[in-house]
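Overview (structure and organization)
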Amino acid sequence: QKEVEQNSGPLSVPEGAIASLNCTYSDRGSQSFFWYRQYSGKSPELIMFIYSNGDKEDGRFTAQLNKASQYVSLLIRDSQPSDSATYLCAVRLSSGSARQLTFGSGTQLTVLP
Amino acid sequence: DAGVTQSPTHLIKTRGQQVTLRCSPKSGHDTVSWYQQALGQGPQFIFQYYEEEERQRGNFPDRFSGHQFPNYSSELNVNALLLGDSALYLCASSINRGVYEQYFGPGTRLTVT
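About the criteria used
- Residues numbered from 1 in each chain as written.
- Chains lettered and ligands numbered in written order.
- Predicted model: local features only at pLDDT ≥ 70, side-chain atom pairs only at ≥ 80, totals over all residues.
- Heavy atoms only, no water.
- Helix = DSSP H or I, 4+ residues; strand = E, 2+ residues; numbered from the N terminus.
- Polar contact = N/O pair within 3.5 Å; in protein donor to acceptor, adjacent residues only side chain to side chain.
- Contact = heavy atoms within 4.5 Å.
- Salt bridge = Lys/Arg side-chain N within 4 Å of Asp/Glu carboxyl O.
- Buried < 20%, exposed > 50% of the residue type's maximum accessible area, 1.4 Å probe, protein only.
- Core = buried A, V, L, I, M, F, W, Y, C linked by side-chain atoms within 4.5 Å.
- Pairing = 2+ DSSP bridges.
- Phe/Tyr/Trp six-rings, centres within 6.5 Å; stacked < 30°, edge-to-face > 60°.
- Lys NZ or Arg CZ within 6 Å of the ring centre and 35° of its normal.
- Axes fitted to C-alpha atoms, helices over the stretch in contact; angles between N-to-C directions.
- 1 Å grid on protein atoms, 1.4 Å probe; cavity = no way out; pocket = protein on both sides within 12 Å on 5 of 7 lines; lining within 4 Å.
- Points joined across faces, edges and corners; volume = space filled by probe spheres on them.
- pLDDT = per-residue confidence, 0-100.

In this section: the side chain of B:S33. Residues and elements named next belong to chain B. The topology assignment puts S33 in strand β4 (residues 31-37). There is a polar contact of 2.9 Å between the side chain of S33 and the side chain of Q48. If we ignore the near neighbours within four places in the chain, the residues touching S33 are F45, F47, Q48, L90, C91, A92 and Q102.

A word on the pattern of salt bridges. Residue and element names in this part refer to chain A. Scanning the entire structure with this criterion turns up six salt bridges over all chains. R77 is paired through a salt bridge with E57; the nearest N and O atoms lie 3.5 Å apart. Here the residue R77 occupies a position in the loop between β8 (71-76) and β9 (85-92), and E57 occupies one in strand β6 (residues 54-58), the gap between them amounting to 20 residues. Among the residues examined, R77 registers a relative accessible area of 27% and is labelled partly exposed. Looking at E57, the relative accessible area reads 61%, which means it is exposed. The salt bridge partner of R60 is D83, with a shortest N-O separation of 2.9 Å. With R60 in the loop between β6 and β7 (61-66) and D83 in the loop between β8 and β9, the pair connects residues that are 23 residues apart, well separated along the chain.

Turning our attention to the nonpolar core. Residues and elements named next belong to chain A. Grouped together as the largest cluster of nonpolar side chains are 24 residues, with contacts concentrated most on W35, V72, L74, I76 and Y87. Within the residue set of this core, elements represented by two or more residues are β3 (19-25), β4 (32-38), β5 (45-50), β7, β8, β9 and β11 (107-112). The contact partners of V72, leaving out residues within four places of it in the chain, are L21, N22, C23, F33, W35, I50, Q64, L65 and C89.

On to the pairing of β5(A). Residue and element names in this part refer to chain A. Most of β5 sits out of view: five of its six residues are buried. Pairing between β4 and β5: five bridges, direction antiparallel. Bridge pairing links R37 to E45 in β5. Remark: six residues form the turn of the hairpin made by β4 and β5, two consecutive strands paired antiparallel; G41 in that turn has positive phi of roughly 80 degrees.

The subject of this paragraph is the packing of aromatic side chains. Summed over all chains, the structure comprises 11 aromatic pairs over all chains. Ring geometry for A:F34 and A:F49: centres 6.0 Å apart, planes at 45 degrees, overall tilted. Of this pair, A:F34 sits in strand β4 while A:F49 sits in strand β5, placing them 15 residues apart in sequence. For the pair A:F34 and A:F49, one class covers both residues: buried. An aromatic cluster is present here, built from A:Y36, A:F103, B:Y35, B:F45 and B:F104 joined pairwise through their rings. Above the face of the A:F49 ring, A:K56 is positioned so that its terminal group lies 3.9 Å from the ring centre. The cationic tip of A:R60 hangs over the ring face of A:F61; the distance from NZ or CZ to the ring centre is 5.6 Å.

A few words now on the sheet that holds strand β3 (residues 19-24) of chain B. Residue and element names in this part refer to chain B. Within the open sheet, the four strands sit side by side as β1-β3-β8-β7. Their pairing is antiparallel. Because the sheet does not close on itself, it has two edges, and the strands there are β1 (5-7) and β7 (64-68). On average, each strand axis in the sheet is inclined to that of its neighbour by 20 degrees, with strand direction left out of account.

Moving on, we get to the layout of surface pockets. Put simply, the largest pocket is a space of about 400 Å³. Together, 21 residues line the largest pocket, and A:E3, A:T102, A:F103, B:Q44 and B:F45 are the ones closest to its centre. Mapped onto the lining of the largest pocket, the elements with two or more residues apiece are β10 (101-103) of chain A together with β5 (44-50) of chain B. Among the elements that line the lining of the largest pocket, the one with the most residues is β10(A), at three residues.

Quick look at the confidence of the model for chain A now. Atom-level detail of predicted coordinates should not be read off regions where pLDDT is low. Confidence in the prediction of chain A, expressed as mean pLDDT, is 93, and 95% of residues score 70 or more. Looking over chain A, one finds the lowest element-wise mean pLDDT in β10(A), namely 93, and the highest in β7(A), namely 98.

Okay, here's the thing in C-alpha cells:
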C-alpha cells in the first residue's frame, strides 16, 4: 500500500463548478497535510496546509481533514480554466523526527470553459 | 522577498558523468530539502539539510550526496550518472519549526544521455 494515494484522474469539471480532490494516507500518526498545485513544466506551488481535523478555508480553496478516516481533501469553488493543473497531496509522516514530505502521484484537473 | 532559487535551469549530461545542482533558500529559511520528480510522479524525497548537516535521507543510493553552506544554501551532487537519473530536481526550503511547510524552487531539469 502506498503511503499517500490520490486518484490520478484526469478530473474534468466545467467552469464555475466545484472541483473535489481527494487523498488518503496510511500512517495514522501523520501530523501535517499539504496541497500543492503544479502547472505543466513548472515546480509545485504550495496552496495551503492543514493539521487539525475539520475545514480550513482560503479564498476559493477549502482543505478538509478527517484523521479518523485518514482522509484529506481539497475543494476548489468557482473553478476557473486557470485552475487546470496537477494537484499534489503531501503528508508529513510521524515516524521519528520526520520533517520531509511524502507525496502522492497527483490528480490532473482540467476546468472546461 | 526573493523566493527559492535554483541553478542551472536545464542540464544535459552523459552516463557516468557527475553533476552539481545548486539552491538558495527563501530569506529567513534555514532548512533545505531535495526531491527528485520523474515524469508523471510526485516528488520523491532525497535528503534534508539543517545546520550544515544531513538530517534525513530518503531511499537514494550513496551516489547522491549534498552539502549545506553557512549561508543556508545547498548543493546536490550526483556521481556516476545513470539514464534513470533523468528527472526534475527540486529544492524546497523551510523554517525549522511549526508545521515545516516547504516552498519549492523552479527546479533543475536533468537529462542523462
